[in-house]
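As a plain string of letters, each chain reads:
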Amino acid sequence: MTGRVSGKTIIVTGGGGGLGRAISSLLAEEGAAVGVIDVNGAGAEDVARSLTEDGARSIGLGADVSDWRAISSAARQVGEALGDIDGLVNNAGVAALGSVHEADAESWRRIMNVNVSGVVLASKAVLPGMMERRRGVILNIASIAGLVGIRNMAAYCASKGAVLSLTRQMAADYASFGIRINSISPGTIASTEMGLRLLGGDESPEARSRRLARYPMGRYATAEEIAQAALFMLSDEAKFATGSNLILDGGLTAV
Ligand code: 1HS
C-alpha cells in the first residue's frame, strides 16, 4: 500500500457493486476512509464490511441518489462516522437499451434522474462543507456514451453527455474554492452487472460482434483498470486537473 489517498474521507455512490465496489476497494487499499452508498443497502453494507475486515475505515448505507432527503442524510451520516468529506465519486448509474422512436417515458425519466439529477444531488450534499473547508474533489463517472453516439442507447448517451457538461460547469463554479471536479469516461466493463446486462441482452450476434469490433484493443475494460483512473483523479497527483475528462476505452473514441 502506497497511501495515495491516505487521510481522506471519500463517498462512493453506487459503491455496493460493480465498478463502485472496485473503486471503493482500491481507495480503501490506498488509505481512504470510504462511505459506501448504494440504492441496494445490503450491497453497500457488505462492501463496507469487507473493507473494514481488511483494516480500512468504512460505513455502508442504503440511499437512492435521485432522492434528496435520502442522499443528503446518507452523506451527513458518512461525515459523522468517518469525518469531513474530502471526496465524492458520483458512480451510481443505470442504463437501458432503446432508440428515441421507441423511448419509454418511465425508463427515460429513471435514467435521467439517477445519472444526471443523482450527480447534482449527491454533489449538493457535500459541496457546502467542501466550500467551507476550501478543499475537495468530485469525480463523475461519465462514459464514452457521452462522447459518441452508441446505437440503441439514446437515454444513456443523453444522460452521460449531461454529466460531461455538468463536470465542466461545476469546475468553473468551484475552482476558486479549491474544489476539483473531473470525470472519467469508460467504455463497456464486461464484468459488472451493467456490462453483463448490456452484453448479455437480446441483441443479435451481429450487433454484439459489431460492438466489440469498435474497440481497437479487441476487448472490454476490467473494473480494476477503471478504478485505477478514479484513484488517480482523487489523489493529489491530479491536483492541477479540473474540468477534465479522462477517457479509458481501449482506443474506441480515437479511431
Ligand atoms: C455501459 C457503458 O457505459 C456503455 S458505453 C459503450 C457501449 S459500447 O461501445 O461498448 O457498445
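- In the nomenclature of an unreviewed UniProt entry, the chain corresponds to Short-chain dehydrogenase from the organism Methylocystis iwaonis.
- The record in UniProt for the chain states the following under Sequence similarities (unreviewed entry): "Belongs to the short-chain dehydrogenases/reductases (SDR) family."

## Some details on the overall build of the chain
Then, in step 1: Each helix and strand counted, the chain has 8 helices and 7 strands in total.
Then, in step 2: Relative to the compact-globule value of 18 Å for 255 residues, the chain shows a C-alpha radius of gyration of 17 Å, a close match.
Then, in step 3: With the C-alpha coordinates aligned to their principal axes, the bounding extent of the chain is approximately 50 × 35 × 35 Å.
Then, in step 4: Of the contacts made within the chain by residues no fewer than 6 positions apart, 72% connect residues no fewer than 24 positions apart.
Then, in step 5: For the chain, the computed accessible surface area is about 11,500 Å², with 53% contributed by carbon and sulfur atoms.
Then, in step 6: A gap of 5 Å separates the mean positions of the 24 positive and 26 negative side-chain charges of the chain.

## A word on the packing of aromatic side chains
Then, in step 1: Counting across every chain of the model gives 2 aromatic pairs.
Then, in step 2: For the pair Tyr174 and Phe177, a centre-to-centre distance of 6.4 Å together with 50 degrees between the ring planes defines the contact as tilted.
Then, in step 3: Here the aromatic rings of Tyr215 and Tyr220 are separated by 5.0 Å at their centres, their planes lie at 75 degrees, and the arrangement is edge-to-face. Summarising the burial analysis for this pair, Tyr215 and Tyr220 share the class buried.
Then, in step 4: Cation over ring: Lys124 sits above Trp68, and NZ or CZ is 5.1 Å from the ring centre.

## As for the pattern of salt bridges
Oppositely charged side chains may form a pair once their charged atoms are brought near each other.
Then, in step 1: Evaluation of the coordinates by the stated rule reveals 10 salt bridges.
Then, in step 2: The salt bridge involving Glu237 is made with Arg4; its shortest N-O contact spans 2.8 Å. On the criterion of sequence distance, the pair formed by Glu237 in the loop between α8 (223-234) and β7 (245-248) and Arg4 in the segment before β1 (9-13) is long-range, its members being 233 residues apart.
Then, in step 3: By relative accessible area, which is 26% here, Arg4 ends up partly exposed.
Then, in step 4: Three or more residues are tied together by salt bridges with common partners; here these are Arg21, Asp46 and Arg49.

## What to know about the site of the ligand
Then, in step 1: Every residue lining the ligand is accounted for by Ser143, Ile144, Ala145, Ile150, Tyr156, Thr188, Met194, Arg211, Tyr215, Tyr220 and Leu252.
Then, in step 2: Note that an oxygen atom of the ligand is positioned 2.9 Å from one of the side-chain N or O atoms of Ser143.
Then, in step 3: In the environment of the ligand, an oxygen atom lies 2.5 Å from a nitrogen or oxygen atom belonging to the side chain of Arg211.
Then, in step 4: Compared with its free state, where it exposes 350 Å², the ligand has 95% of that area covered by protein.
Then, in step 5: For the shell around the ligand, the per-class residue count stands at 8 nonpolar, 2 polar and 1 charged.

## Quick word on the nonpolar core
Then, in step 1: One finds Ile23, Leu27, Val34, Val89 and Ile184 to be the most contacted residues of the largest nonpolar core, which totals 33 residues.
Then, in step 2: Among the secondary structure elements, those contributing two or more residues to this core are β1, α1 (18-29), β2 (33-38), α2 (41-53), β5 (136-141) and α8.
Then, in step 3: Ranked by the residues each element gives to this core, the list is headed by α8, at 8 residues.
Then, in step 4: With residues near it in sequence (within four places) discarded, Val34 still touches Ile10, Val12, Ser24, Leu27, Ala28, Leu51, Arg57, Ser58, Ile59 and Leu82.
Then, in step 5: Ile37, Ala74, Ile85 and Val126 belong to the second-largest nonpolar core, a separate cluster that totals 31 residues.

## Focus: α1
Then, in step 1: Across its 12 residues, α1 extends 17 Å between first and last C-alpha, which sits within 8% of the 16 Å expected from 1.5 Å per residue.
Then, in step 2: Considered for burial, the residues of α1 that qualify are Leu19, Gly20, Ala22, Ile23, Ser24, Leu26, Leu27 and Ala28.
Then, in step 3: Summarising the contacts, the buried residues of α1 are in contact with β1, β2, α2, β4 (87-90), β5 and α8.
Then, in step 4: At the exit of α1 stands Gly31, carrying a positive phi of roughly 100 degrees.

## Notes on the environment of Ile37
Then, in step 1: Note that Ile37 resides in strand β2.
Then, in step 2: Expressed as a C-alpha distance, the spacing of Ile37 and Ala221, which sit 184 residues apart in the sequence, is 23 Å.

## Comments concerning the packing of α1 against α2
Then, in step 1: At a minimum axis distance of 10 Å, the contact between α1 and α2 shows a crossing angle of 25 degrees. With respect to α2, the element α1 is oriented roughly parallel. By crossing handedness, the relation of α1 to α2 is classed as right-handed. In contact with Arg21, Ser24, Ser25 and Ala28 of α1, α2 contributes Asp46, Val47, Ser50 and Leu51.
Then, in step 2: When the residues that make up the contact of α1 with α2 are grouped by side-chain class, the tally is 3 nonpolar, 3 polar and 2 charged.

About the cut-offs
- Residues numbered from 1 in each chain as written.
- Predicted model: local features only at pLDDT ≥ 70, side-chain atom pairs only at ≥ 80, totals over all residues.
- Heavy atoms only, no water.
- UniProt positions renumbered as here; feature names shortened; annotations may be inferred.
- Helix = DSSP H or I, 4+ residues; strand = E, 2+ residues; numbered from the N terminus.
- Rg over C-alpha atoms; globule rule 2.2 N^0.38 Å.
- Contact = heavy atoms within 4.5 Å.
- Areas by Shrake-Rupley, 256 points an atom, 1.4 Å probe, with all protein chains shown as cover.
- Lys, Arg positive; Asp, Glu negative; His and termini not counted.
- Charge placed at Lys NZ, Arg CZ, Asp CG, Glu CD.
- Phe/Tyr/Trp six-rings, centres within 6.5 Å; stacked < 30°, edge-to-face > 60°.
- Buried < 20%, exposed > 50% of the residue type's maximum accessible area, 1.4 Å probe, protein only.
- Lys NZ or Arg CZ within 6 Å of the ring centre and 35° of its normal.
- Salt bridge = Lys/Arg side-chain N within 4 Å of Asp/Glu carboxyl O.
- Near = heavy atom within 4 Å.
- Polar contact = N/O pair within 3.5 Å; in protein donor to acceptor, adjacent residues only side chain to side chain.
- Nonpolar A, V, L, I, M, F, W, Y, C, P; charged D, E, K, R; others polar.
- Core = buried A, V, L, I, M, F, W, Y, C linked by side-chain atoms within 4.5 Å.
- Expected span 1.5 Å × (residues − 1).
- Axes fitted to C-alpha atoms, helices over the stretch in contact; angles between N-to-C directions.
- Parallel < 35°, antiparallel > 145°, perpendicular 65-115°, else oblique.
- Left-handed = near helix turned anticlockwise from the far one by under 90°.

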